[in-house]
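# Summary of structural features
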Amino acid sequence: MSAANLSRLRAADLIGVGTLGLRARRPRALLSALGIALGIAAIVAVLGVTRSSQSALLAQIDRLGTNLLTVANGRDLGGAEAELPADAARMIRRVEGVTGVAPTTQMLGQNVYRHDHVPVGQTGGLAVRACDVSLLTTLDGHVRQGRFLDATTAAYPVVVLGYEAARTLGISRVDAGTRVWIQEHWFTVTGILDPFTLAPEVDRSALVGFPVATRLLGYNGHPTRVYVRARQDRVEEVAGLLGPTTNPARPETVDVNRPSDALTTRVAVAESGSALFLGLGAIALLVGGIGIGNIMVISVLERRGEIGLRRALGAARLHVAGQFLTESLVLAALGGAGGVGIGCAVTLALARARGWAVLIPAEGLWGGFAVALLVGGLAGLYPALRAARLPPTDALRTV
């Protein structure tokens, strides 16, 4: 048999030869692949969870709409809190493109209690707000139980509770005997609202009508916040006109905001936060690659006799290098496949727990596996070259 025939190694045989060491030392191989798996799992999970949460958040923004604006009292040049004009809502209704206006006023110094024996300081962080009967339609809200204020009930001591206010007060249902204590007066609870994503301040409020707020709670006629719905195609134009329209003499004291911008900001924050976790995943992947390289160097030292024997039997240096490089790539492939599976499982579990649609970027799957192979190849390059340089005389060495 010629030397040329002795030095041949078919590609099909390379896998068997390259996995010989892994099959002989399975626990060590699994532990080596685990480092790669953790790094890839972190990357895939971060990409999947971020994409799924962003999709849910964007869907929520589309559902709630981006055409809700708020007008609030800002600060004057001296830093003191300004006051919106009493006719602010009437003026805003004249702006072309406005489809709904709902003024509200937080009654400072007024608190709501479950009964008249609760200590004054135990407010639970709840507010009392006087509101217009158009608030529910302007915010596109829904009543969970009971009914909202109308032109008749707004003049009487009745109250509608926001979602968090009802929970804090321990009120879960509405009946004729359900009452709360506000400013030395009993108010009958007629409704409980669903949560307002774009107006969380309403969730922690007890809502009363303007007429009863004037008569019993000292309402002075000036709103502190006005909710405005605009036509979708004219939101920016309306937003630019709200300040001068609300207070023509001092438009700089009027704060105009779009609540949906806060949700959009959360998308950007999620993207910046995912970059941090991707960095941590990359570090874990690097540590896994170093671990594979270390194990491969040890494997070369342990198998010097085997390598020398193969060289003595005619194996070329290239074949020896290929054997150990293949072993490193197989370790990385196992880690990469396991990491992709773990990352997908984490994304699926978290998305289902949060009620999100499961979205895992395809580039995260094949990209993660490709990165694992790249790290494995780089980690195994030095051990493979070191093994190829061992002389045939090492066959005489004992391990």
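Once a new chain begins, its residue numbering starts again from 1 and follows that chain's sequence as written. At least 70 in pLDDT is required for a residue's local features to be given in this predicted model, at least 80 for side-chain atom pairs to be given and counted, and no such filter applies to totals for whole chains, interfaces and linings, which use all residues. Values shown for side chains rest on all heavy atoms present in the structure; no hydrogens or waters enter the calculation.

## Observations regarding the overall build of the protein chain
Operational definition: Under the scheme used here, helices are H or I runs from DSSP no shorter than 4 residues and strands are E runs no shorter than 2 residues, and both carry numbers assigned from the N terminus. The cut-offs for exposure are 20% and 50% of the maximum accessible area for each residue type, with area from a 1.4 Å probe on protein chains only; residues under the lower value are buried, those over the upper are exposed, and the others partly exposed. In this description, contact between two residues means that some pair of their heavy atoms is separated by no more than 4.5 Å. Calculation of accessible area relied on Shrake-Rupley with a 1.4 Å probe; when residues are assessed, cover is drawn exclusively from the protein chains displayed.
Broken down by element type, the protein chain carries 14 helices and eleven strands. Here the protein chain holds 399 residues, and 44% of them are scored as buried. The contacts in the protein chain between residues at least 6 apart in sequence include a share of 80% that link residues at least 24 apart. Summed over its atoms, the accessible surface of the protein chain is roughly 19700 Å², and 60% of this surface lies on carbon and sulfur atoms.

## Side note on helix α10 (residues 235–246)
Formally: Given a helix with a known number of residues, its expected span is that number minus one, times 1.5 Å.
Taking 1.5 Å per residue, twelve residues should reach 16 Å; α10 reaches 16 Å between its end C-alpha atoms and fits that length. Looking at α10, one finds that the buried residues are Val-235, Val-238, Leu-242, Gly-243, Thr-245 and Thr-246. Elements in contact with the buried residues of α10: β1 (68–73), α5 (88–92), β2 (98–106), β10 (225–230) and β11 (254–257).

## Observations regarding the environment of Arg-311
Tracing the sequence through the fold places Arg-311 in helix α12 (residues 304–312). Arg-311 has contacts with Ala-316, Arg-317, Val-320, Ala-388, Leu-390 and Pro-392, leaving out every residue within four places of it along the chain.

## Quick notes on the confidence of the model for the protein chain
As a reminder of what qualifies: Each residue carries a pLDDT value, the predictor's own confidence for that position, ranging from 0 to 100.
Across the protein chain, pLDDT averages 82, with 85% of residues at or above 70. The secondary structure element of the protein chain with the lowest average pLDDT is helix α1 (residues 3–6), at 44, and the one with the highest is strand β6 (residues 158–161), at 96. When the criterion is pLDDT under 50, residues 1–6 qualifies, and its contacts beyond four places in sequence or with other chains add up to three contacts.

## Considering the packing of α12 against helix α13 (residues 317–354)
Convention followed: Interaxial angle, 0 to 180 degrees, is taken between N-to-C directions of lines fitted to C-alpha atoms, where a helix line uses only the stretch in contact. Should the near helix be turned anticlockwise from the far one by less than a right angle, the crossing is termed left-handed; should it be turned clockwise, right-handed. Charged residues are taken to be Asp, Glu, Lys and Arg, nonpolar residues to be Ala, Val, Leu, Ile, Met, Phe, Trp, Tyr, Cys and Pro, and polar residues to be all remaining types, Gly included.
Two elements in contact, α12 and α13, have axes whose closest approach is 10 Å; the angle formed by their N-to-C orientations is 145 degrees. Between α12 and α13 the crossing geometry is right-handed. In contact with Glu-306, Ile-307, Arg-310 and Arg-311 of α12, α13 contributes Arg-317, His-319, Val-320, Gln-323 and Phe-324. Here the residues of the contact of α12 with α13 sort into three nonpolar, two polar and four charged.

## Overview of the packing of α13 against helix α14 (residues 362–388)
For the record, the criterion: Any angle between 65 and 115 degrees counts as roughly perpendicular, while under 35 counts as roughly parallel, over 145 as roughly antiparallel, and the rest as oblique.
α14 packs onto α13 with a crossing angle of 155 degrees between their chain directions and a minimal axis gap of 7 Å. By the angle class used here, α13 and α14 are roughly antiparallel. With respect to the hand of their crossing, α13 and α14 are arranged in right-handed fashion. Among the residues forming the contact of α13 with α14, the class breakdown is 19 nonpolar, five polar and one charged.

## Re the side chain of Asn-247
Within the element layout of this structure, Asn-247 appears in the loop between α10 and β11. Residue classification places Asn-247 among the buried positions, given a relative accessible area of 11%. Leave out the neighbours within four places in its chain, and Asn-247 touches Glu-83, Pro-85, Thr-253 and Val-254.

## So, the environment of Ile-360
Locating Ile-360 in the fold gives a position in the loop between α13 and α14. With 315 residues separating them along the chain, Ile-360 and Ala-45 place their C-alpha atoms 8.3 Å apart. Apart from the residues within four sequence positions on either side, Ile-360 is in contact with Val-44, Gly-48, Cys-344, Thr-347 and Leu-365.

## Concerning unusual backbone geometry
A positive phi angle is found at Gln-183, which is not glycine, with a value near 50 degrees. Secondary-structure assignment places Gln-183 in the loop between β7 (179–182) and β8 (185–193).

## Some details on the packing of aromatic side chains
What counts, and what does not: Side-chain rings of Phe, Tyr and Trp (the six-membered ring for Trp) are treated as a pair once their centres are within 6.5 Å; stacked means planes under 30 degrees apart, edge-to-face means over 60, and tilted covers the remaining angles. By definition, being over a ring means that NZ of Lys or CZ of Arg is both within 6 Å of the ring centre and within 35 degrees of the ring normal.
Per the stated rule, a full pass over the model turns up two aromatic pairs. Ring geometry for Trp-181 and Trp-186: centres 4.9 Å apart, planes at 65 degrees, overall edge-to-face. The class for Trp-181 is buried, based on a relative accessible area of 15%. Arg-179 extends its terminal NZ or CZ atom over the ring of Trp-186, reaching a point 4.3 Å from the ring centre.

## Notes on the nonpolar core
For clarity, the threshold we go by: Side-chain atoms within 4.5 Å are what join buried Ala, Val, Leu, Ile, Met, Phe, Trp, Tyr and Cys residues into a set we call a nonpolar core.
In this structure, Ile-36, Ile-40, Ile-292, Ile-307 and Phe-324 are the most contacted members of the largest nonpolar core, which totals 25 residues. Ignoring anything within four residues of it in the chain, the contact list for Ile-292 reads Ser-32, Ile-36, Ser-328, Leu-331, Ala-332 and Ala-379. Within the second largest apolar cluster, 23 residues are counted, among which are Met-107, Val-112, Val-128 and Leu-217.

## Structural notes on the side chain of Ser-328
Put simply, the test is: Counting of polar contacts relies on pairs of N or O atoms within 3.5 Å, with two restrictions inside protein: one atom must be capable of donating a hydrogen and the other of accepting it, and residues adjacent in sequence are counted only when both atoms are side-chain atoms.
Among the structural elements, Ser-328 can be located in helix α13. Within the structure, Ser-328 has its side chain in polar contact with the backbone oxygen of Gly-376 (distance 2.5 Å). Apart from residues no more than four positions distant in its own chain, Ser-328 is found in contact with Ile-292, Met-296, Gly-376, Ala-379 and Gly-380.

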